[in-house]
Amino acid sequence: MNLASTRCIIFRRISQFCKQLFDNKAAPELETPSLEENGLRLDIINRDSHDISRRQISENALKVLYRLHKSGFKAYLVGGGVRDILLGLEPKDFDVVTNATPDEIKKLFRNCRLVGRRFRLAHIVFGRDVIEVATFRGHHGENSDNISKSNAEGRLLRDNVYGEIDEDAERRDFTVNALYYDISDFSIRSYGGGIDDLHARKIKLIGDPETRYREDPVRMLRAVRFATKLDMQIEAITAAPIKSLAPLLADIPAARMYEEVLKLFFAGKAQANYQMMQDFGLFAPLFPQIQGVISEFPKGHAAKMLNLVMRSTDERVNQDKPVTPAFFYAAILWYPLKQRADDIALESGLPLYDAQVAAMGDVMEEQCRTISIPRRFSTPAKDIWLLQIRFERSQGTRAFKLLEHPKFRAAYDLLLLRGEAEGGHTAKQASWWQAFVEGDEAQRNVIAKSSNKAGGNRNRSATQRKRKRKPAAKSPDTSAE
């Protein structure tokens, strides 16, 4: 740093101290004078002008940073880890960038494994803790297809182009993620006005929004997720192309979308993310079946169910209760399943139970075209669906046996949501089961026996009616003989 810059900082601090002394309202000035590098603004914030301490960084991340640095490589903590510490949040993970190539990183760490095809990454494994290390990304030139490649829509299929830190910053998505903590001198490098946008609580894309979204359409979902997670606003220019480009999400691999859905709906911001996704048209490409039902009946049961599921998921996350994708998908796909089962029953004449069994495979297979749901979640989701029919058939003493089913609790929770969304007969059914579940042993026996008496009379009448109809159906054949 030159002498003029040093004097500028000294005078600024004296001025700041005096202002605080007399006004007691001034906020500390964090940044040194801005520099311009490769067209992207760079602000360097010295160690004594920011609040990040190494005590806030995981021990394993520090091990990786120090080893890279001592081996002669540049090493930076980058992105969400830096951003969250500056915002006073606890980072969920710590990512590292360096000028070392993946092969060089692997030589330094025996506990390293290389992953990814679209962009090669190194995972340094410390038991359950994984530190992700990426090589600085560079700009695309005339490279061969095995280094970089994009499709006709502009989506990057391969991105193994390495460069310097300034190029890497330009390749990042949002300015609030273009923050680098330098382990060599503990300063922060802020690109594109990232530190200012952090203070202004603004989500701003680096580069031309349409081009960047076409490179990776998932950035549209990330914009929504960061806005709700960090309580920020998406800048108007950044938001403008999202609605028209939302259909590009349909081309993203289903396995990748599964991970994105977990981040969107299982972090305590499901309801806010759902509403914003609907505003931008981002929900339909991920969940075309449920969107189809909602579009047909905007104020119907399915729309109510979605809001209830999102609210319920947020409540459980915020209360540190477990949440599972099996219940989530069973709940939001219930009405597409019901619609498909009704269609099958009408077309084939199958009983409702058999029609629902047939519909389950169709609905789950269709959903897996956009979001790859692992079998460990899709199979329990089907169990939850089947139990919805058994709830109606098992009121009475058979309820005790159903209570022992491994997926009873999840299915019961779905029944309660259905009762709230539908009202009427379903609400009465949910109320019966709620009284049964929450009652003690004696109360359950009373409830079950009273239900048996009422249900037994109805079943007996139904049987008698069936027996009377059988001879009537055969009489024409008898007379013919």
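Values in this document were obtained by computation on a predicted structure and should not be read as measured data.

Peer 1: I keep staring at helix 11 (residues 254–265) and nothing clicks. Help me out?
Peer 2: The periodicity of an α-helix, 3.6 residues per turn, causes residues three or four positions apart to be oriented the same way. With 12 residues, helix 11 ought to run about 16 Å at 1.5 Å a step, and its terminal C-alpha atoms sit 16 Å apart, in line with that. Buried within helix 11 we find A254, M257, Y258, E260, V261, L264 and F265. Looking at the packing, one finds that the buried side of helix 11 touches helix 8 (218–229), helix 12 (270–280), helix 13 (283–286), helix 15 (301–318), helix 16 (325–332) and helix 19 (375–393).

Peer 1: Hey, could you run me through the confidence of the model for the protein chain in this one?
Peer 2: Caution applies to low-pLDDT regions: their predicted coordinates should not be interpreted in detail. Looking at the protein chain as a whole, its pLDDT mean stands at 85, while 81% of the residues score no less than 70. In the model, residues 456–481 has pLDDT below 50 throughout and makes 1 contact with residues more than four positions away in sequence or in other chains.

Peer 1: Would you explain the nonpolar core in this entry?
Peer 2: Judged by nonpolar contacts, the single largest core of 120 residues is most densely connected at F265, L282, F287, F328, Y329 and W433. If you tally residues by element for this core, the top one is helix 21 (residues 408–422), at 8 residues. If sequence neighbours within four positions are ignored, Y329 has contacts with Y258, V261, F287, I371, I373 and W385. Ranked by size, the runner-up nonpolar core spans 15 residues in total, among them L42, V97, F119 and A134.

Peer 1: Just checking my understanding: could you explain unusual backbone geometry for this structure?
Peer 2: With the exception of glycine, the majority of residues adopt a negative phi angle, and the majority of peptide bonds are in the trans configuration. Phi at F186 is positive, roughly 65 degrees, even though this residue is not glycine. Inspection of the secondary structure assignment puts F186 in the loop between strand 10 (179–182) and strand 11 (188–191). Notably, D320 is not glycine yet its phi reads approximately 60 degrees, a positive angle. Secondary-structure assignment places D320 in the loop between helix 15 and helix 16. The exposure class assigned to D320 is exposed, which follows from its relative accessible area of 73%.

Peer 1: Just checking my understanding: could you explain the packing of helix 8 against helix 12 for this structure?
Peer 2: Helix 12 packs onto helix 8 with a crossing angle of 140 degrees between their chain directions and a minimal axis gap of 10 Å. Viewed along their axes, helix 8 and helix 12 adopt a mutual orientation that is oblique. For helix 8 against helix 12, the interelement crossing comes out right-handed. Residues L221, V224, R225, A227 and T228 of helix 8 lie in contact with helix 12, whose contacting residues are A272, N273, M276, M277 and F280. Counted by class, the contact of helix 8 with helix 12 contains 7 nonpolar, 2 polar and 1 charged residues.

Peer 1: Would you explain the environment of I165 in this entry?
Peer 2: The residue I165 is located in helix 5 (residues 165–171) in this model. I165 sits in the buried class, given a relative accessible area of 6%. It is 7.8 Å that separates the C-alpha atoms of I165 and R137, two residues lying 28 residues apart in sequence. When residues no more than four places from it in sequence are discounted, the contact partners of I165 are Y76, F136, Y180, R189 and Y191.

Peer 1: I'm lost on the packing of helix 14 (residues 288–296) against helix 17 (residues 334–348) in this one. Help?
Peer 2: The description of two helices packed together rests on the angle between their axes and the distance between the axes. With their axes 8 Å apart at the nearest point, helix 14 and helix 17 run at an angle of 80 degrees to one another. The angle between helix 14 and helix 17 places the two elements in the roughly perpendicular class. From helix 14, Q289, I290, V293 and E296 reach across to helix 17, where they touch Y335, P336 and Q339.

Peer 1: Help me understand the pairing of strand 10, please; the structure alone is not making it clear to me.
Peer 2: Both faces of the sheet carry side chains from a regular strand, because those side chains alternate between them. Neither face of strand 10 is left uncovered, since the one carrying L179 and Y181 and the one carrying Y180 and D182 both have all their residues buried. Summarising the sheet, strand 10 and strand 11 pair through 3 bridges and their orientation is antiparallel. Residue pairing for strand 11: Y180 is matched across the bridge by R189. In this antiparallel pair of consecutive strands, strand 10 and strand 11, the connection spans 5 residues, and F186 shows a positive phi of 65 degrees.

What counts and what doesn't
Residues numbered from 1 in each chain as written. Predicted model: local features only at pLDDT ≥ 70, side-chain atom pairs only at ≥ 80, totals over all residues. Heavy atoms only, no water. Helix = DSSP H or I, 4+ residues; strand = E, 2+ residues; numbered from the N terminus. Expected span 1.5 Å × (residues − 1). Buried < 20%, exposed > 50% of the residue type's maximum accessible area, 1.4 Å probe, protein only. Contact = heavy atoms within 4.5 Å. pLDDT = per-residue confidence, 0-100. Core = buried A, V, L, I, M, F, W, Y, C linked by side-chain atoms within 4.5 Å. Axes fitted to C-alpha atoms, helices over the stretch in contact; angles between N-to-C directions. Parallel < 35°, antiparallel > 145°, perpendicular 65-115°, else oblique. Left-handed = near helix turned anticlockwise from the far one by under 90°. Nonpolar A, V, L, I, M, F, W, Y, C, P; charged D, E, K, R; others polar. Pairing = 2+ DSSP bridges.

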